[in-house]
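Listed below are the residues making up each chain.
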Amino acid sequence: MKVLLVTGGAGFIGSNFVHSQLKNTENKIINLDKLTYAGNPQNLATLANESRHVFVQGDIGDSVLLEKLLADHQPDAVVNFAAESHVDRSIHGPEDFIQTNVVGTFHLLEAIRAYWNQLNPQSQQSFRFLHISTDEVYGSLTTDAPAFSETNPYAPNSPYSASKAASDHLVRAYHHTYGLPTLTTNCSNNYGPFQFPEKLIPLLIMNALQGKALPIYGDGQNIRDWLYVEDHCSAIAAVLAKGSVGEVYNIGGNYEKTNLEIVHTVCAILDELVPDSPYRPHHKLITYVKDRPGHDRRYAIDPSKIAREIGWQPAETFESGIRKTIAWYLEHRGWVENISSGSYQNWIAKNYGAR
Ligand code: NAD
Ligand code: TYD
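Residues numbered from 1 in each chain as written. Chains lettered and ligands numbered in written order. Predicted model: local features only at pLDDT ≥ 70, side-chain atom pairs only at ≥ 80, totals over all residues. Heavy atoms only, no water.

Peer 1: Even after reading the chapter, I still don't get the overall build of the protein chain, so can you show me in this structure?
Peer 2: Of the regular secondary structure elements, the protein chain holds 13 helices and 12 strands. At 20 Å, the protein chain has a C-alpha radius of gyration in line with the 20 Å of a compact globule built from 355 residues. Taken along its principal axes, the extent of the C-alpha atoms in the protein chain is 65 × 45 × 40 Å. Among the 355 residues that make up the protein chain, the fraction classed as buried is 54%. Of the contacts made within the protein chain by residues no fewer than 6 positions apart, 82% connect residues no fewer than 24 positions apart. By element, 51% of the accessible surface of the protein chain is carried by carbon and sulfur atoms, the whole surface being about 15000 Å². (Helix = DSSP H or I, 4+ residues; strand = E, 2+ residues; numbered from the N terminus. Rg over C-alpha atoms; globule rule 2.2 N^0.38 Å. Buried < 20%, exposed > 50% of the residue type's maximum accessible area, 1.4 Å probe, protein only. Contact = heavy atoms within 4.5 Å. Areas by Shrake-Rupley, 256 points an atom, 1.4 Å probe, with all protein chains shown as cover.)

In structure tokens, the structure reads:
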């Protein structure tokens, strides 16, 4: 049994990771999350009686809290999911992104460095800090350019990706300068259960079910490389177990799709799964809206390093993953309704009102 300190474990990917760790391992999870608008205790509701899960509400930038958590729980590894994660929000208000993604990651690294320095040599050697990052740090690809590999130069284009790039550089520097045993993963767009409906796929599912417009930015030809969240979680576990210290691993599902392909797929599956919907065929709800400023055209991950060095492969195809995802949202209407609160409506008005 290992003790993992997971940050951001009430968010989309973090909560899926917590569930998969508790299901597939004996590990104990200390879950530190600030519970911003994106952190949702309901994602963890089924763990109320789970003694291997300890939830702590707090900020990765809170050095005093971090020092105490590290001393009290003596984790074998830290997995850092905590971040502001939505590009459109970073365009409307970049400051929180700098605060959490850059300054917060810095304080987290400092606390971990102090903790790691006083471990015995054996524990120092086995300790890992795994930083979760994004393919967006590599910038935008033209249609026929090769997919991003770990050696692509960084060229972030949004305040979100710039703040993630800064945090990646800090992690790299802490390994290079202080010898901290770090790992960094850069993954493509995730989808699956518990994703907050500001992101494309859950937004489309929720809007379609309510007969609302399905907003497609620009010409809908932007390409993303889609990864089912449980595959991402299995990749993170594999990198934690087998990754080489100081290395970077790109994680992707090998499913490049245009946004128009995504929306048509979601609509067709909803037509099939909700045959009595008054909004069928759902594709009639597709509405082209003003493009996102600085909208990256294409992301694509070359996952050959993690396949070759660690032996990881995704288990889901896009077709199987998207069906599971839509079925999950249909089965969890209560979760969806609770999310559609006042603050979510404020965001929808802010982002789509003037488009
Ligand atoms: P999310 O927005 O759903 O969740 C982020 C979580 O972090 C929330 O629970 C939030 O409360 C918490 N948090 C925010 N600021 C915090 C702080 N200062 N201290 C402690 N907790 C804080 O994000 P996600 O989609 O689950 O993404 C998780 C990580 O994966 C992020 O680092 C993101 O950059 C990265 N990533 C996400 C995707 C994707 O498709 N979702 C793709 C690539 C990389
Ligand atoms: P998103 O889920 O925000 O992820 P990211 O910007 O990090 O890739 O968006 C995925 C793609 O979908 C991106 O090209 C922007 C586009 N998009 C829309 O066309 N309409 C929307 O309402 C949203 C939220 C995104």
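Let us keep going from here.
Peer 1: Before we go on, may I ask you to explain the site of ligand 2 in this structure?
Peer 2: Close contacts around ligand 2 come from 18 residues, with Glu136, Arg224, Arg292, His295 and Tyr352 the closest. With respect to ligand 2, the backbone of Pro215 contributes an N or O atom lying 2.8 Å from a nitrogen atom. At 2.5 Å, a side-chain N or O of Arg292 approaches an oxygen atom of ligand 2. When ligand 2 is considered free in solution it has 510 Å² of accessible area, and contact with the protein chains removes 97% of it. When contributions to the shell around ligand 2 are tallied by element, the ones reaching two or more residues are α7 (200-209) and β8 (214-217). Here the shell around ligand 2 takes three residues from β8, the largest share from any one element. Partitioned by chemical class, the residues of the shell around ligand 2 number eight nonpolar, five polar and five charged. (Near = heavy atom within 4 Å. Polar contact = N/O pair within 3.5 Å; in protein donor to acceptor, adjacent residues only side chain to side chain. Nonpolar A, V, L, I, M, F, W, Y, C, P; charged D, E, K, R; others polar.)

Peer 1: Any chance you could explain the sheet that holds strand β4 (residues 77-80) here in plain terms?
Peer 2: Sheet strands pair by backbone hydrogen bonding; their relative direction is either parallel or antiparallel. Strand order across the open sheet formed by seven strands is β3-β2-β1-β4-β5-β6-β10, with parallel pairing between neighbours. Each edge of the open sheet carries a strand with a single partner, namely β3 (53-57) and β10 (248-251). Neighbour-to-neighbour, the strand axes of this sheet turn through a mean angle of 20 degrees, independent of strand direction. In this structure, strand β5 (residues 128-134) lies alongside strand β6 (residues 182-187), joined through six bridges in parallel fashion. What sits directly across from His131, in β6, is Thr184. (Pairing = 2+ DSSP bridges. Axes fitted to C-alpha atoms, helices over the stretch in contact; angles between N-to-C directions.)

Peer 1: Help me out: how do you make sense of the packing of helix α9 (residues 259-273) against helix α11 (residues 318-331) in this one?
Peer 2: Two quantities define a packed helix pair, namely the angle between the helix axes and the distance between the axes. As a packed pair, α9 and α11 sit with axes 11 Å apart at the nearest point and diverge in direction by 55 degrees. It follows from the interaxial angle that α9 and α11 lie oblique. Between α9 and α11 the crossing geometry is right-handed. Along the contact surface, α9 presents Ile262, Thr265, Val266, Ile269, Leu270, Glu272 and Leu273, while α11 presents Phe318, Ile322, Arg323, Ile326 and Leu330. Of the residues belonging to the contact of α9 with α11, the class tally is nine nonpolar, one polar and two charged. (Parallel < 35°, antiparallel > 145°, perpendicular 65-115°, else oblique. Left-handed = near helix turned anticlockwise from the far one by under 90°.)

Peer 1: Would you mind showing me how to read the pattern of salt bridges here?
Peer 2: Pairing between side chains of opposite charge can happen when their charged atoms approach one another. Counted under the stated rule, the structure contains 14 salt bridges. The partner of Arg113 in a salt bridge is Glu110, with the nearest N and O atoms 3.0 Å apart. Residue Arg113 and its partner Glu110 are both found in helix α4 (residues 95-117); the two are separated by three residues, about one turn of the helix. Judged by relative accessible area, which is 27%, Glu110 ranks as partly exposed. Ionic pairing is found between Arg308 and Glu309, a salt bridge with its closest N-O pair at 3.9 Å. Through salt bridges that share partners, Arg89, Glu198 and Lys199 make up one connected network. (Salt bridge = Lys/Arg side-chain N within 4 Å of Asp/Glu carboxyl O.)

Peer 1: Even after reading the chapter, I still don't get the packing of α7 against α9, so can you show me in this structure?
Peer 2: One way to put it is that α7 packs onto α9 with a least axis distance of 10 Å and a crossing angle of 40 degrees. By the angle between their axes, α7 is oblique relative to α9. Considering how the two elements wind past one another, α7 and α9 form a crossing that is right-handed. Touching Leu200, Ile201, Leu204, Ile205, Ala208 and Leu209 of α7 are Asn259, Ile262, Val263, Val266 and Leu270, all from α9.

Peer 1: Help me understand the site of ligand 1, please; the structure alone is not making it clear to me.
Peer 2: Around ligand 1 there are 28 residues in total, and Ile13, Asp33, Ser85, Tyr160 and Lys164 lie nearest to it. Between a nitrogen atom of ligand 1 and a main-chain N or O atom of Lys34, the distance comes to 3.1 Å. A distance of 3.0 Å separates a nitrogen atom of ligand 1 from a polar side-chain atom of Thr100. The set of elements that each furnish at least two residues to the shell around ligand 1 consists of α1 (12-24), β5, α6 (159-178) and β7 (189-191). If one sorts the elements of the shell around ligand 1 by residue count, β5 sits on top with three residues.

Peer 1: Would you explain unusual backbone geometry in this entry?
Peer 2: Outside of glycine, negative phi angles account for most residues, and trans bonds account for most peptide bonds. Put simply, Arg280 and Pro281 share a cis peptide bond, and its omega is -15 degrees. Note on placement: Pro281 falls in the loop between α9 and β12 (286-289). For Phe194, which is not glycine, the phi torsion reads 70 degrees and is therefore positive. Take Phe194: it is sitting in the loop between β7 and α7.

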